[in-house]
Amino acid sequence: DGEGMGEPRFYLLSKGSAETFGFCLHEELGCQGHIVRQVELGGLAQRRGMQDGDRLLQVNGHFVDDMDHCRVVQKIKASGNHVLLAVLDGDSYKAAKALGRDLSQMLPADVRPRLCHIVQDRSGFGFSVSGPEGVKGTFQLSVQQGGAAERAGVPTGSWLLELNGASVRSYSQAQLTKKLKQSGSKVTLLVASSAVEEFYRLRGLQVTAATADTSWLPFKARELHLVKGPAGYGFLLKEDDCISGATGQFLWDVDAGLPAQQAGMKEGDRLLAVNGENIEGLDHHQTVLRIRAHDGQVTLLVIDPAGDRFYHSVGSGGTEWSGT
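Rules behind the numbers
- Residues numbered from 1 in each chain as written.
- Predicted model: local features only at pLDDT ≥ 70, side-chain atom pairs only at ≥ 80, totals over all residues.
- Heavy atoms only, no water.
- Phe/Tyr/Trp six-rings, centres within 6.5 Å; stacked < 30°, edge-to-face > 60°.
- Helix = DSSP H or I, 4+ residues; strand = E, 2+ residues; numbered from the N terminus.
- Buried < 20%, exposed > 50% of the residue type's maximum accessible area, 1.4 Å probe, protein only.
- Lys NZ or Arg CZ within 6 Å of the ring centre and 35° of its normal.
- Pairing = 2+ DSSP bridges.
- Domains from an automatic or database assignment.
- Contact = heavy atoms within 4.5 Å.
- Buried area = accessible area lost by both parts, 1.4 Å probe.
- Salt bridge = Lys/Arg side-chain N within 4 Å of Asp/Glu carboxyl O.
- Polar contact = N/O pair within 3.5 Å; in protein donor to acceptor, adjacent residues only side chain to side chain.

1. Some thoughts on the packing of aromatic side chains
Going through the model one piece at a time under the given rule, you end up with five aromatic pairs. Judged by centre distance (5.1 Å) and plane angle (40 degrees), the ring pair of Phe219 and Phe310 falls under tilted. Of this pair, Phe219 sits in the loop between helix H6 (194-203) and strand S13 (222-227) while Phe310 sits in helix H9 (residues 305-313); the two residues are 91 residues apart in sequence, bridging distant segments of the chain. According to the relative accessible area criterion, Phe310 is buried, its value standing at 8%. Each residue in the set Phe10, Phe199 and Tyr200 is aromatic and connected to the rest through ring pairs, giving one cluster. Lys15 extends its terminal NZ or CZ atom over the ring of Phe21, reaching a point 5.3 Å from the ring centre.

As structure tokens, this is what we get:
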């Protein structure tokens, strides 16, 4: 009957580029699920409360229990330095499986805030803001049906968390109105539905743009699949400074008619991932080794300079740019 069965636990892990999340994910003979192992003593996962034997159920809001193990590992790697995980303790997981429970039903349907980019039309931005009088930083949005905000993916009744990459937590209504006017004809909002806001608040988690759903944004990363020809892939990888000040890997000298150009590579694209693995924090040599690891073909996730500038301006870590 499920009596005494534990509830899923949620962890928002944020690490530095040179750090790890502090655990390994195993697939073990005779055991079901994606099993958390080798929880590093004093590491990020242990400090947050993850335990050996936990089963991973969700990565950034995506149910993964029924996914291929390699794909789940790839999803975590593609998250970069921030990942939202849902786990269930091992005993509860086994009990739920024995009872034939649908584990996806134990999890909330939507746990991610949204980043939405609104371009003003004749009717304006298409939303209005309300909040308790005299209270700073609490703003709820009413969305005009068919207006610019609705088309940009803003749910009516959602809570405003950030405006153009800056937190609104300390803003008064007058300050927010001024900031909106200063935005000109375009504005980018980080918003959370009431259910998502409550989910984070009850668990003491901070809502950040790094874990947001970016599928509504106008700039998309591109996935390029290259098969090496007789003259190679036809591009050069160069290390340079990113807009953020960190070091990144950029694609240049794209040769006409060779595989890189045929796949859609453009001069100045920044490399985000190689074969589904985020390369943030890797140096030039490590990145080259990953490109060469699969002899004869490679899949690269890239973003052009305009998209790179946009994501940096709104504070998004680019989580799941590939749409995985």
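2. Things to note about the pairing of strand S15 (residues 247-252)
Pairing of strand S14 (residues 236-241) with S15 involves six bridges; the strand directions are antiparallel. Its bridge partner being in S15, Asp240 is matched across the sheet by Gly248.

3. Section: the domain arrangement of the protein chain
Partitioning the protein chain into structural domains gives domain 1 (9-106), domain 2 (114-216) and domain 3 (222-303). The distance between the C-alpha centroids of domain 1 and domain 2 comes to 31 Å. If you look at the interface, domain 1 gives four residues, while domain 2 gives seven residues. Taken together, the two surfaces of domain 1 and domain 2 that pack against each other cover about 550 Å², and 80% of this comes from carbon and sulfur. When the area that domain 1 buries against domain 2 is broken down by residue, the three leading residues are Phe10, Leu12 and Leu84, summing to 79%. Scanning the region where domain 1 abuts domain 2 turns up zero salt bridges. Across the contact surface, domain 1 and domain 2 share zero residue pairs in polar contact (both at pLDDT 80 or more). The set of elements that each furnish at least two residues to the side of domain 1 that touches domain 2 consists of strand S1 (9-14) and strand S6 (82-88).

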